[in-house]
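# Observations on the model geometry
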2 protein chains.
Amino acid sequence: MTVGREELTGALLARLARRSPAFQHSVWDAVDLLVAGAGPETIFFGNGNPAPERVPYEAMQRASQRTWEQIGELPKRIEYGEPEGLPELRDMIAERMRARGVTATRDDILPTTGSQQAIDFLARLMLNPGDAVVVEGPTYLGALQVFDAYEVEYIVAPVDDRGLDVDRLRAMLDARTVMPKLIYTIPTFQNPTGVTMPLERRKALVELAREREILIVEDDPYCDLWFDELPPPALRSLDDNVAYCGTFSKTIAPSIRSGWVVAPTGFQKMLAIMKEVADINHDKVMMRTVLNAVPDFLDEHLVGSRELYRVRRDAMLAGLERHMPAGTSWSQPAGGFFVWVTLPEGLNAIELLPFAVERFGVAYLAGEWFYPGFSWPEASRTLRLSYSKHPEARIEEGMRRLGAAISAALETR
Amino acid sequence: MTVGREELTGALLARLARRSPAFQHSVWDAVDLLVAGAGPETIFFGNGNPAPERVPYEAMQRASQRTWEQIGELPKRIEYGEPEGLPELRDMIAERMRARGVTATRDDILPTTGSQQAIDFLARLMLNPGDAVVVEGPTYLGALQVFDAYEVEYIVAPVDDRGLDVDRLRAMLDARTVMPKLIYTIPTFQNPTGVTMPLERRKALVELAREREILIVEDDPYCDLWFDELPPPALRSLDDNVAYCGTFSKTIAPSIRSGWVVAPTGFQKMLAIMKEVADINHDKVMMRTVLNAVPDFLDEHLVGSRELYRVRRDAMLAGLERHMPAGTSWSQPAGGFFVWVTLPEGLNAIELLPFAVERFGVAYLAGEWFYPGFSWPEASRTLRLSYSKHPEARIEEGMRRLGAAISAALETR
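About the criteria used
Residues numbered from 1 in each chain as written. Chains lettered and ligands numbered in written order. Predicted model: local features only at pLDDT ≥ 70, side-chain atom pairs only at ≥ 80, totals over all residues. Heavy atoms only, no water. Least-squares fit on C-alpha atoms with pLDDT ≥ 70 in both. Contact = heavy atoms within 4.5 Å. Patch = residues over 30% accessible without salt bridge, like charges linked within 9 Å, V, L, I, M, F, W, Y side chains within 5 Å. Areas by Shrake-Rupley, 256 points an atom, 1.4 Å probe, with all protein chains shown as cover. Salt bridge = Lys/Arg side-chain N within 4 Å of Asp/Glu carboxyl O. Lys, Arg positive; Asp, Glu negative; His and termini not counted. Charge placed at Lys NZ, Arg CZ, Asp CG, Glu CD. Helix = DSSP H or I, 4+ residues; strand = E, 2+ residues; numbered from the N terminus. Buried area = accessible area lost by both parts, 1.4 Å probe. Polar contact = N/O pair within 3.5 Å; in protein donor to acceptor, adjacent residues only side chain to side chain. Domains from an automatic or database assignment. Buried < 20%, exposed > 50% of the residue type's maximum accessible area, 1.4 Å probe, protein only. Pairing = 2+ DSSP bridges. Axes fitted to C-alpha atoms, helices over the stretch in contact; angles between N-to-C directions. Core = buried A, V, L, I, M, F, W, Y, C linked by side-chain atoms within 4.5 Å. Parallel < 35°, antiparallel > 145°, perpendicular 65-115°, else oblique. Left-handed = near helix turned anticlockwise from the far one by under 90°. Nonpolar A, V, L, I, M, F, W, Y, C, P; charged D, E, K, R; others polar.

Once that is clear, we can look at the relation of the copies chain B and chain A. Aligned on chain A, chain B shows an RMSD of 0.0 Å; the corresponding rotation is 180 degrees and the shift along the axis is 0.0 Å. Viewed as a symmetry operation, the transformation between the two copies matches a two-fold axis. When the interface residues of chain B are mapped onto chain A, 100% of them are again interface residues, pointing to one common binding face.

What follows is about a negative patch on the surface. Together, A:Glu82, A:Glu84, A:Glu88, A:Asp107 and B:Asp32 make up a negatively charged patch on the protein surface. You can see A:Glu82 is positioned in the loop between helix H3 (57–73) and helix H4 (87–97).

If you look at the interface, chain B gives 93 residues, while chain A gives 93 residues. Buried surface at the junction of chain B and chain A, both sides included, amounts to about 8500 Å², of which 56% is carbon and sulfur. Counting the surface chain B buries against chain A, the share from its top three residues, B:Arg15, B:Phe23 and B:Trp68, is 10%. Our count for the chain B to chain A interface comes out at six salt bridges. Taken together, chain B and chain A are joined by 47 residue pairs in polar contact (both at pLDDT 80 or more). Secondary structure elements with two or more residues in the side of chain B that touches chain A: helix H1 (5–13), helix H2 (27–38), helix H3 (57–73), helix H5 (114–126), helix H6 (141–148), helix H8 (199–211), helix H9 (268–279) and helix H10 (284–323) of chain B.

Residue and element names in this part refer to chain A. Split into domains, chain A comes out as domain 1 (10–55 + 301–411) and domain 2 (79–297). Once you take the C-alpha centre of each, domain 1 and domain 2 turn out to be 24 Å apart. Residue-level contacts link 36 residues of domain 1 with 33 residues of domain 2. Across the domain 1/domain 2 interface, buried area totals approximately 3000 Å², and carbon plus sulfur atoms make up 67% of it.

All right, on to the pairing of strand S3 (residues 132–137) of chain B then. Residue and element names in this part refer to chain B. Most of S3 is tucked away: six of the six residues are buried. Examined bridge by bridge, S3 and strand S4 (residues 153–160) share six bridges and lie parallel to one another. Looking at S4, one finds that valine 135 is bridged to valine 156.

As a further point, take the pattern of salt bridges. Pairing between side chains of opposite charge can happen when their charged atoms approach one another. Residue and element names in this part refer to chain B. Going through the model one piece at a time under the given rule, you end up with 59 salt bridges over all chains. Aspartate 239 is paired through a salt bridge with arginine 210; the nearest N and O atoms lie 2.5 Å apart. Residue aspartate 239 is found in the loop between strand S7 (215–219) and strand S8 (242–247), and its partner arginine 210 is found in helix H8; the two are separated by 29 residues along the sequence. Overall, aspartate 239 belongs to the buried group, its relative accessible area being 9%.

This part takes up the sheet that holds strand S3 (residues 132–137) of chain A. All names here are of chain A. Ordered by their spatial adjacency, eight strands build an open sheet running S2-S9-S8-S7-S6-S3-S4-S5, and the pairing between neighbours is mixed. Two strands in the sheet have a free side with no partner beyond their single neighbour: strand S2 (109–113) and strand S5 (163–164). With four bridges joining them, strand S7 (residues 215–219) and strand S8 (residues 242–247) adopt parallel strand pairing. The partner of isoleucine 216 across the bridge, within S8, is valine 242. The strands that helix H5 (residues 114–126) touches are S2, strand S6 (182–185), S7, S8 and strand S9 (258–262); relative to S2, the one it contacts most, it runs at about 110 degrees.

Bringing the environment of A:Pro83 into the picture now. All names here are of chain A. Relative to the helices and strands, proline 83 resides in the loop between H3 and H4. Placed 188 residues apart in sequence, proline 83 and leucine 271 show a C-alpha to C-alpha distance of 9.2 Å. Excluding anything up to four places from it in sequence, proline 83 contacts Leu110, Ala272, Lys275, Glu276, Ile280 and Asn281.

Residues and elements named next belong to chain A. Sheet architecture is open: four strands sit in the order S10-S11-S14-S13, paired in antiparallel fashion. Because the sheet does not close on itself, it has two edges, and the strands there are strand S10 (329–330) and strand S13 (365–366). Pairing analysis gives five bridges linking strand S11 (residues 338–342) to strand S14 (residues 382–386), with the strands arranged antiparallel. Counted as the bridge partner of tryptophan 340 is arginine 384 from S14.

Turning to the nonpolar core, a few remarks are in order. Judged by nonpolar contacts, the single largest core of 91 residues is most densely connected at A:Phe147, A:Tyr184, A:Leu271, B:Phe147, B:Tyr184 and B:Leu271. If sequence neighbours within four positions are ignored, B:Leu271 has contacts with B:Leu110, B:Phe121, B:Leu122, B:Leu125, B:Val261 and B:Ala263. Among the nonpolar cores identified, the runner-up in size contains 85 residues, and A:Val27, A:Leu317, A:Ala363 and A:Phe370 belong to it.

Quick look at the environment of A:Glu7 now. Positionally, A:Glu7 belongs in helix H1 (residues 5–13). The spacing of A:Glu7 and A:Gln116 is 109 residues in sequence and 36 Å in space, taken between C-alpha atoms.

All names here are of chain B. Two elements in contact, helix H11 (residues 349–360) and helix H12 (residues 392–411), have axes whose closest approach is 10 Å; the angle formed by their N-to-C orientations is 120 degrees. Taken together, H11 and H12 sit at an angle that is classed as oblique. As H11 runs across H12, the sense of the crossing is right-handed. Contacts between H11 and H12 pair Leu352, Phe355, Ala356 and Phe360 from the former with Arg401, Ala404, Ala405, Ile406, Ala408 and Ala409 from the latter. Counted by class, the contact of H11 with H12 contains nine nonpolar, no polar and one charged residues.

Shown next, in the form of structure tokens:
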């Protein structure tokens, strides 16, 4: 009995794992469609890419050339091995963590394929189907994609202008008998809101997590991109019960896929074996290239990046002030890439989007996409704007268009 | 109530996911200890690294330099995006797949972090806890590490000198009511045995899998390293119900982590979203470097690689012939890196190993490590030798030492 092609494909698709629906849709498909359909004149404030002019390709090219010379000198450098990652790179990252108040040694650090892989690894280590996870509402949508694949229950902790509302989270946990396994938070220049958690609240959060025996996953991709003053120290500096996820994606370039995790005591060895199981060992060419590049140029490079993004943030805040109709409000980011906008009452950001694109040539990401299920009616008036990629004049023009779109939508109500 | 540091770590470790034991031990730890304790004069026939002199670092350095120039010309090339992978790389891989008899287009191919990640992705897509998986006995131990993490039941299909024994697998499946979700096989120059499945058996295997509605995962890392004649066509060339995993790890270098999967119809989009969830997108620097390098040099490079490994295989087979005591037998690989040795009756390869290392300065991997649970009493007399990394004289000396170790062990019985 031979099974026909369509029949077999159908049979196999019916036998997929229970987690597979997490891989059947991506919110980015909708975004890509929107952008593709929008035409080149549309100003897209959607994605979280760094500014193209801040990609240090010459420094990376030199470092990469040096890397291949080093491999030529000792080809062992490109063999299998070291799931823990290049020791010298881990030393360098440990040293850099001191700027976040974190004391770490090479043994605490595992290089990962961006911080995305670190989040996935921590989820894989902790989560059974049905376990609960605390996420901020709103939060980074790539983390939601990860947690969805572990078939979790979400506890959505509200975010205000000082980040995750710890008192409200405490009350939510008080109402439960079974505690969540982990709390995922972006306390510094949060994605998508741009807000930062002050030190006192950080202390309260780690205290709460410790009391309820919940692991904190601290995602900190934007910490080096502060504008006015250094951000508060990392949660990880306050407590060992924090898995800190770092990355060079925003400071060097996204697609070098170079991140790391500083894991709690007792977790590091398991994460290294997980790395071995997942993809054997981290890319030794890129680990060595980053090691060759960073000590020479990154700190100086960051001075210029901060200045560029600060100017762009200022342009966006000024543009919002100038062009938004009454009833619109927005966050005041002190670093990072994002401003979170709340539309006047009666408007809906998802409904507004095609109208804004087609009639006014401006696009953003709807706020609801940053919640579990990519849907959250309470957040229907919110949207995320990224200022990282556009020069000031284009930001100003984009805010003019957005303001006009909102005003027009208000009139047609 | 503040929880103390040790207390909390203990509490968190008690809350790990059910899959976490898969990340608590690695068989490579035992191997590393063995090698570290052995001293530099020990000849280690253990790992599956390519020969250091076959790492084409100059070609890769040139390609890498060109890559960073291309990024400089258009920094968008290093932004986030394209979870499906670089289209031109996928075209190139599709073209190269024709040598395996496989018809594919860019849409069928997803670049992955080595074939290891492809195996993990296919498992993640298909497997719920308790599902059954067919593996060859023995098989690649990295694949066992992957499947362990999905909490599977193993069906171990025996391997003879023509690869997976399809008739015996059929009988094993006949005895079951619930079919396994997938069959993991390395039909060409198998790891660890070195044997190759002839065409007729390949046809029988895909027919069996189709009949029972089981996905085949074909791992094919060694196909380009044939010595005498081209290997039979890939399983994937015979049936769409095969997820083919390829890699440049053995032909360029392991730690560039450049592999791919050719997925069945209907799977490709889900795997691309899984890539996005796991690590956002594949390393664009390495994808472009491989694309810049491969068309210019790989086919010519492979001619030299085949010659080098063929000479080493010949040296190992001649050394085995010359030095093994009666009652020892071994496989006859026609390509790849490995010979599978069966010791005389009464010996045990795990027990022999420290004796061989300490007294004779020779090391190998025990055959039992290539079975589920890294333990398989029926295979206690087997071991794997790799000839890929050692020059002929060292292989000859290693076989002399191994023969002496086996003979000495036989005498002390």
